[in-house]
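Coordinate inspection notes
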Amino acid sequence: MKHMTGMAMSAADNIRRPASGRAASVAALLKRTLPWAVAIAALLAILGWLGFMSLGQDTALRNQANEQLSAVKVADAQLETAFLQSKVGLIEDYDGLTGQFEDLQLKIKTLELTASKAGIPVIELDALKKQAEQKGELVNRFKAQHAIFRNSMNYLPDAVRALREAALAVRAPRAAELASSIGSYTIDYAINEDEEKADLMKQAAVELSNMDGLPDEVDDARREVVMHAYAIQRQKAVEIQLFQDLAAVPMRATLDSITTGLIKHFDHEESSRQIYRSGLIGFAVVLMGLLGLITLRLFKSFNQINLANATLESNVADRTQKLSQAMEQMQSQQSQLVQQEKMASLGQMVAGVAHEINTPLGYLRSGLQSAQSSVPMFEELTNAVAKMIKTMTREDATQEELEQDVSLTAGLTQTIMEEGIVTEIDELLKNGLFGVDQISEIVSNLKDFSRLDSKSAVSYNMGDCIANTLKIATNLVKTVTVEKSLESTPPLTGFPSQINQVLLNLITNAVHATEKRDKGAVRIGLHFDASRNVVRVDVADNGTGIPADVMKRMFDPFYTTKKVGQGTGLGLHISRQIIEAHKGTITVDSTVDVGTTFTLWLPVS
């Protein structure tokens, strides 16, 4: 518009020079056009404001907020997983639990900063921070209480063993029997949280405490056993309550509320921008009409100047032609002010709750994000091709327009080919499928290995039990050579997760027995003895072997040759109970410095 006004003023200057009459004509012209110029300036200002308000929302900021919210959900799930792992003894120290809580606080702070920077009102953030602080307090209380529990769990087997030896030495078999019962019931309660076992432990503890006439050394050992047993029961109840309190903190509901709030916020912003876009289109149409009207008035003004100044006819005609070209250019620019709508799909990540799937889930997500980043380039290529086709089918299309469209399409195609984007997306998709397969396999193995058995026995395959156990024990057996000789056997009836427990215990003992060997080996055999109608499982190693005096007591409860804190002496005892409950037997054959073979005999129904 400034260009048009400039041309008009330049023409008026040319008119002013010959005589004062021309000056009067220019003054009259300016008087008529000045209000229009002011109006056009105001309209252009309004047009610019509408264009600014109709700009698409910042998808990068939106995605960043969604990703950080998903990260908070993942950190919360990982904190609960670490809490559970510490509770069941899968994590020996508390660094992981503390680290997960600190990571949760950091991610909440990051989300708060992003929301503040973007001007996004998230009123639930204060509640979310308070809930995180509640979980932090529960974590600190758990660490303090669990330390007492773990200390008593470590010392109880030694205390039971000391009381049994002291009681047997003074010929007090009942005291020794009660000590074993207290130890067995307490360990069972600590592992399975069976209140019936806790009641049995209390009864045995009361009876043991009321026994009279025991020597001082037996009496001291008795108090030690009772003290640790009651401490384990008390601290276990506290841990159960703390875990329930942690699960009761409504952080997930708060996160879901924040997610809903973000969706509403961005949708509201997009709706407002859509209103401004509609206003922009309508305003542009009105402005085009006004510009057309102004063009007509300018033409009339120049015609009047031509009539008054015949000597300047050719100059005015030239200026008029340039003015027409400028107006056509402005009309072309106005037609391109309509904005395209850009809607970004809201991706909501669901974090897994198990630590084992974090790695494949991480690179699966990374691959999908990398592939998604290439979509805009293909969209741009598609738009370029569509425009080129439209230009080619237009009858009034010029060669220059066609060449521009072809050049743009060729340039985008060459960029995609040179950067290898298609190959990269194909590789990312393959990696993503591999990650999905890994997650599926991990979940399937964990489910098959650790699922709760039903109250009634089920049919199972021993070969599957061995395979699942070896997969779960991958990190354990990586230091030895595993040799398998597995035959096809008939299905058995029983409780497969209990059989998995026995197999894992035998494989663990076999690996530990080969620690001093340069080339440790564990051999697993599976055979069917048709003559006896039994399935035979052999777990053999080339370890240090078992001495004869140890062989006599190896299945006794709380008997172990390991150092204090490394074993409870219950593994083989429980394994034999499980096999006998399945109406089978477990035998052992060992030679010192040669190796040991444990054999399971399970009848076929």
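Note that the coordinates shown come from a computational prediction; the quantities given were computed from them, not determined experimentally.

Our focus in this paragraph is the nonpolar core. Of all hydrophobic cores here, the largest spans 34 residues; its most connected members are Met462, Ile466, Leu503, Leu506, Val537, Phe598 and Leu600. Sorting elements by how many residues they give to this core places helix α17 (residues 496-513) first, with seven residues. Non-local contacts of leucine 506, meaning those with residues more than four positions away in its chain, are made with Val539, Leu572, Ile586, Phe598 and Leu600. Among the nonpolar cores identified, the runner-up in size contains 27 residues, and Phe149, Met201, Ala204 and Val225 belong to it.

To continue, consider the packing of aromatic side chains. One pass over the structure, following the stated rule, counts zero aromatic pairs. The aromatic ring of tryptophan 601 is capped on one face by arginine 532, whose charged end is 4.3 Å from the ring centroid.

Along the polypeptide, alanine 371 turns up in helix α11 (residues 358-373). For the pair alanine 371 and isoleucine 421, spaced 50 residues apart in sequence, the C-alpha separation works out to 8.8 Å.

Let's shift gears to the side chain of glutamine 235. Assignment of secondary structure puts glutamine 235 in helix α8 (residues 216-248). In this view, glutamine 235 contacts Gln145, Ile148 and Phe149; residues no more than four positions away in its chain are not counted.

Before going further, it helps to spend a moment on the sheet that holds strand β6 (residues 585-591). Spatial ordering of the open sheet is given by β2-β4-β5-β7-β6, a layout of five strands whose pairing is mixed. Two strands bound the open sheet, and with one partner strand each, they are β2 (481-486) and β6. Between one strand axis and the next, the sheet turns by 15° as a mean value, whatever way the strands run. Relative to strand β4 (residues 521-529), β2 runs parallel, the two being bridged by six bridges. Residue pairing for β4: glutamate 483 is matched across the bridge by arginine 523. Its contacts with the sheet put helix α15 (residues 462-472) on β2, β4, β5 (534-541) and β7 (595-603), and the angle it makes with β4 is roughly 165°.

Attention now moves to the pairing of β6. Examined bridge by bridge, β6 and β7 share seven bridges and lie antiparallel to one another. Within the sheet, the bridge partner assigned to threonine 585 lies in β7 and is tryptophan 601. Remark: three residues form the turn of the hairpin made by β6 and β7, two consecutive strands paired antiparallel; aspartate 593 in that turn has positive phi of roughly 65°.

Conventions and cut-offs
- Residues numbered from 1 in each chain as written.
- Predicted model: local features only at pLDDT ≥ 70, side-chain atom pairs only at ≥ 80, totals over all residues.
- Heavy atoms only, no water.
- Core = buried A, V, L, I, M, F, W, Y, C linked by side-chain atoms within 4.5 Å.
- Buried < 20%, exposed > 50% of the residue type's maximum accessible area, 1.4 Å probe, protein only.
- Helix = DSSP H or I, 4+ residues; strand = E, 2+ residues; numbered from the N terminus.
- Contact = heavy atoms within 4.5 Å.
- Phe/Tyr/Trp six-rings, centres within 6.5 Å; stacked < 30°, edge-to-face > 60°.
- Lys NZ or Arg CZ within 6 Å of the ring centre and 35° of its normal.
- Pairing = 2+ DSSP bridges.
- Axes fitted to C-alpha atoms, helices over the stretch in contact; angles between N-to-C directions.

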